[in-house]
Protein chains: 2
Amino acid sequence: MRVLVTGAAGYIGATLVALLRETGQVAGRRVEALALLDRQLPEAGDLSIAGDIASPEVLRRVADFAPDVCFHLAALPGGASEADYEAGRRINLLGTLGLLETLAGERAPVVVYASTIAVYGTALPALVDPSTPLRPPITYGAHKLACEVLLADFSRRGLLDGRSLRLPGIVARPSSGPGLASAFMSDVIRALAAGQPYTCPVSAQATAWWMSARRCAENLVHAAGMDLAGSDPRRAWPLPVLRLSLADVVATGIELFGTDRAGLVRFEAQPAVEAVYGRYPVLDDSASRALGLRDDGSARELLQRALRGLSCAPSRQAEPPRS
Amino acid sequence: MRVLVTGAAGYIGATLVALLRETGQVAGRRVEALALLDRQLPEAGDLSIAGDIASPEVLRRVADFAPDVCFHLAALPGGASEADYEAGRRINLLGTLGLLETLAGERAPVVVYASTIAVYGTALPALVDPSTPLRPPITYGAHKLACEVLLADFSRRGLLDGRSLRLPGIVARPSSGPGLASAFMSDVIRALAAGQPYTCPVSAQATAWWMSARRCAENLVHAAGMDLAGSDPRRAWPLPVLRLSLADVVATGIELFGTDRAGLVRFEAQPAVEAVYGRYPVLDDSASRALGLRDDGSARELLQRALRGLSCAPSRQAEPPRS
């Protein structure tokens, strides 16, 4: 089994690579070769492809590697894509299209694609389910949705075996680099753990969908082996989530780290951030659960796992995060 | 008002151009300049842009023309896109993206985009409504859906004012060029009118969504002036349709053209064609009707209008049709 991870130096990518090295398995088969792709990669024993997924030379190296499974995480994040249309288009839309076209062929490799809950949009109904119309409120979400559609079509044609997972807010990123508009979800957890004051750009009542990076990585690996017989030909599923308010997360932080954490977090809601990132309703994720995908179990486990992930995560580069 | 029509030499394009010349109006304003874009164009008094929407030179000329309204009809049809991925990608996906990017700007011109009911997919529920999940069963539909998403995002950013209309089977095309998989819908009407035998690739019970080219052109023009305040941010609507079986159409043909037409049409259903083009259920098009879009009224009016359109349509080129 030959495995490629794009965005391998990003937060989720590094967590996934650590998991793959730990277990050595994907879809019940041994990982014989692991290739990591990112703009900059640390020296590693694995095959490294340093560069941009929009670069023809990088795609030539991907074609040469000929993976059986590709985890496609490389992306310019939401805030950065909104600020710089050209960059988001190059990486998230055309970069992904080029990667899919490079991988597509008779061998039909598995592509596990990190899509996003930003495909859903704002002003959501009280229950989000598979019939909820998709109205991405940011260009990042629009490009991810377009690529879900393209991946499903390659799968229908039998040239790829695609599985798009819509990732919720993944915590706790080691630092809030520029361009990641949902960074407050990680920032608040780190502040609670460190006992530092934090001003949150959404309200205490704001509800979001949460998952630890470790659980996310486990779900990505699981997705590569899912039996999709009879399942939705869109081949896109939201990850099962814990739906928690910021108040829930703060209360859990106090419970875990001590009552001195009370009062450390101030809420100064910014309406634009609140509207896009703080109004997630109940998610009907039963189809995802039926396929074996999982949430973190409880707010307590989420925070514990999120912070364990933090200690072994790589130090951040100065560049915007790539996944 | 400066108006651009892409795919202007195609069947729907030519019908639209004839209507624009007849009325001289779009969205309540006078058409001062009309530019026609297609791969090959006959000599005309209007400004002609001959070439491919994927060509940088063509896009430069589009930018120079600076339309207030663009009717974007140019496309490689469904069968041809399925047979030739590269060509469909170049025209329907990247060609459309390039056109949208060329038009996008502070002036936010209106873009009326000819999308397709092929975004819906097969195995549809008994009622198709705005919550029906979109599962394009052909690459043509996947690329059109991806472009609906991209156009909605440009509209959200305030750089275009997009309106995607999902076109049903438009009749009666003057000839069934290669690459148009739904050509049987036009072929059967022409055969009935001409009193010629015809073998239909779907069953008599097959149900499809029908519209005359003239009504389609009227809807396209209407769409340019629709007030979208409070409407779906996806900015995509199915055209209201007549849902008719092939048996309904044959019965109407007999009623219009005489009992000698009975028995002229034989049905030899091809399962693949029947699955994609012959299983359209009831459509809830109330949102489209509320915006003022319309169907042909009755099967009888559909056939009469479809055949009137035929007599004034341009003769077909040897190339595959472009819209």
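Thresholds applied
Residues numbered from 1 in each chain as written. Chains lettered and ligands numbered in written order. Predicted model: local features only at pLDDT ≥ 70, side-chain atom pairs only at ≥ 80, totals over all residues. Heavy atoms only, no water. Helix = DSSP H or I, 4+ residues; strand = E, 2+ residues; numbered from the N terminus. Rg over C-alpha atoms; globule rule 2.2 N^0.38 Å. Areas by Shrake-Rupley, 256 points an atom, 1.4 Å probe, with all protein chains shown as cover. Lys, Arg positive; Asp, Glu negative; His and termini not counted. Charge placed at Lys NZ, Arg CZ, Asp CG, Glu CD. Contact = heavy atoms within 4.5 Å. Buried area = accessible area lost by both parts, 1.4 Å probe. Salt bridge = Lys/Arg side-chain N within 4 Å of Asp/Glu carboxyl O. Polar contact = N/O pair within 3.5 Å; in protein donor to acceptor, adjacent residues only side chain to side chain. Nonpolar A, V, L, I, M, F, W, Y, C, P; charged D, E, K, R; others polar. Least-squares fit on C-alpha atoms with pLDDT ≥ 70 in both. Pairing = 2+ DSSP bridges. Axes fitted to C-alpha atoms, helices over the stretch in contact; angles between N-to-C directions. Buried < 20%, exposed > 50% of the residue type's maximum accessible area, 1.4 Å probe, protein only. 1 Å grid on protein atoms, 1.4 Å probe; cavity = no way out; pocket = protein on both sides within 12 Å on 5 of 7 lines; lining within 4 Å. Points joined across faces, edges and corners; volume = space filled by probe spheres on them. Core = buried A, V, L, I, M, F, W, Y, C linked by side-chain atoms within 4.5 Å. Disulfide = S-S within 2.5 Å. Left-handed = near helix turned anticlockwise from the far one by under 90°.

The name given to chain A in an unreviewed UniProt entry is NAD-dependent epimerase/dehydratase family protein, and the organism recorded there is Ramlibacter aurantiacus.

The subject of this paragraph is the overall build of chain A. Looking only at helices and strands, one finds 11 helices and 16 strands in chain A. For 323 residues, the compact-globule estimate of 2.2 N^0.38 gives 20 Å, and chain A sits close to it at 19 Å. Roughly 11,900 Å² of accessible area belongs to chain A as shown, and the carbon and sulfur atoms make up 51% of that amount. Counting 33 positive and 33 negative side-chain charges, chain A places the centres of these two groups 1 Å from one another.

Here we come to the interface of chain B and chain A. With 30 residues of chain B in contact, the opposing surface of chain A contributes 30 residues. Taking both partners together, chain B and chain A bury about 2,400 Å²; carbon and sulfur atoms supply 55% of that area. For the pair chain B and chain A, the interface holds 8 salt bridges. Of the charged contacts in the structure, one is a salt bridge between R135 of chain B and D232 of chain A, with a shortest N-O distance of 2.8 Å. For the pair chain B and chain A, the interface holds 18 residue pairs in polar contact (both at pLDDT 80 or more). Secondary-structure elements contributing two or more residues to the side of chain B that touches chain A are α3 (78-83), α4 (85-103) and α5 (139-156) of chain B. Per-element tally for the side of chain B that touches chain A: the top contributor is α5 of chain B, with 10 residues. Class assignment for the residues of the side of chain B that touches chain A results in 17 nonpolar, 4 polar and 9 charged.

When chain B is fitted onto chain A, the two copies agree to an RMSD of 0.0 Å after a turn of 180° and an axial shift of 0.0 Å. In the structure described here, the two chain copies are related by an operation that fits a two-fold rotation axis. For chain B, the residue whose C-alpha comes nearest the rotation axis is A146 of chain B, separated from it by 2.3 Å. A share of 100% of interface residues in chain B that are also interface residues in chain A marks the association as one of identical surfaces.

All names here are of chain B. The sheet built from 3 strands is open, its strands ordered β10-β12-β14 with mixed pairing. Each of the sheet's edge strands pairs with one partner strand only, and the pair in question is β10 (169-171) and β14 (242-245). Strand after strand, the sheet turns through a mean of 50° between neighbouring axes, direction not considered.

It is worth spelling out the pattern of salt bridges at this point. Residue and element names in this part refer to chain A. Enumeration over the complete set of coordinates arrives at 50 salt bridges over all chains. With a closest N to O distance of 3.1 Å, R90 and D52 form a salt bridge. Linking R90 in helix α4 (residues 85-103) with D52 in the loop between β5 (47-50) and α2 (56-65), this pair joins segments that are 38 residues apart in sequence. Overall, the relative accessible area of 40% leaves R90 in the partly exposed class.

The next thing to look at is the layout of surface pockets. A probe matching the size of a water molecule, rolled over the atoms, marks out where space remains unfilled. What the largest pocket holds in volume is close to 840 Å³. Lining of the largest pocket is provided by 49 residues; of these, L134 and L145 of chain A together with L134, L145 and V149 of chain B occupy positions nearest its centre. Those elements that place two or more of their residues in the lining of the largest pocket are α5 (139-156) of chain A together with α5 of chain B. Of the residues belonging to the lining of the largest pocket, the class tally is 26 nonpolar, 9 polar and 14 charged.

Residues and elements named next belong to chain A. Pairing is mixed in the open sheet, where 3 strands are placed in the order β10-β12-β14. The open sheet has two edge strands, β10 (169-171) and β14 (242-245), and neither has a second partner. Ignoring strand direction, the axes of neighbouring strands in this sheet form an average angle of 50°. Sheet topology places strand β12 (residues 207-212) next to β14; 4 bridges connect them, and they run antiparallel. Bridged to T207 within β14 is S245. Contacting β12 and β14, helix α8 (residues 246-257) runs over the sheet at an angle of about 90° to β14.

Judged by how many residues are buried, strand β12 (residues 207-212) of chain B sits mostly within the fold: 6 of 6 residues are covered. Burial of the side chains of β12 of chain B extends over both faces: T207, W209 and M211 of chain B are buried on one face and A208, W210 and S212 of chain B on the other.

Taken as a class, soluble globular proteins show a tendency for nonpolar side chains to be buried jointly. With 54 residues, the main nonpolar core has L4 and V62 of chain A together with L4 and V62 of chain B as its most contacted residues. Sequence-distant contacts of V62 of chain B, defined by excluding residues within four places in its chain, comprise L4, L37, I49, P67, L99, T102 and L103 of chain B.

Let us look at the side chain of R235 of chain B. One can find R235 of chain B in the loop between α7 (213-224) and β13 (236-238). A polar atom in the side chain of R235 of chain B sits 2.9 Å from the backbone oxygen of G162 of chain B.

Turning our attention to the side chain of T132 of chain B. Residue and element names in this part refer to chain B. Position of T132 relative to the elements: it lies in the loop between β8 (127-128) and α5. Here the side chain of T132 touches D129 through a polar contact of 2.8 Å, landing on its backbone nitrogen. The contact partners of T132, leaving out residues within four places of it in the chain, are L124, P125 and L127.

The omega torsion of the bond from V171 of chain A to A172 of chain A falls at -5°, within 30 degrees of zero and hence cis. Note that A172 of chain A resides in the loop between β10 and α6 (184-194). One non-glycine residue, A27 of chain A, lies in the positive phi region at around 55°. On the secondary structure map, A27 of chain A appears in the loop between β2 (25-26) and β3 (29-30). Taking the relative accessible area as the measure of exposure, A27 of chain A reaches 41% and is therefore partly exposed. Although it is not a glycine, A66 of chain B sits at a positive phi angle of roughly 50°. Relative to the elements of secondary structure, A66 of chain B occurs in the loop between α2 (56-65) and β6 (69-72).

Tracing the backbone shows L36 of chain B in strand β4 (residues 33-38). Sequence separation between L36 of chain B and D153 of chain B is 117 residues; the distance between their C-alpha atoms is 26 Å.

Our next topic: the state of the cysteines. One covalent bond between the sulfur atoms of two cysteine residues makes up a disulfide. Summed over all chains, the structure comprises 0 disulfides over all chains. Free of any disulfide, C147 of chain A has its nearest neighbouring cysteine sulfur in C147 of chain B, separated by 12 Å.

All names here are of chain B. Viewed as axis vectors pointing N to C, helix α1 (residues 11-23) and α7 meet at an angle of 65°, and their least axial separation amounts to 9 Å. As for how α1 packs across α7, the hand of that crossing is right-handed. Taking contact as the criterion, the partners of Y11, I12, T15, L16, L19, L20 and E22 in α1 are, on α7, A213, R214, C216, A217, E218, L220 and V221. Grouping the amino acids of the contact of α1 with α7 by side-chain chemistry returns 10 nonpolar, 1 polar and 3 charged.

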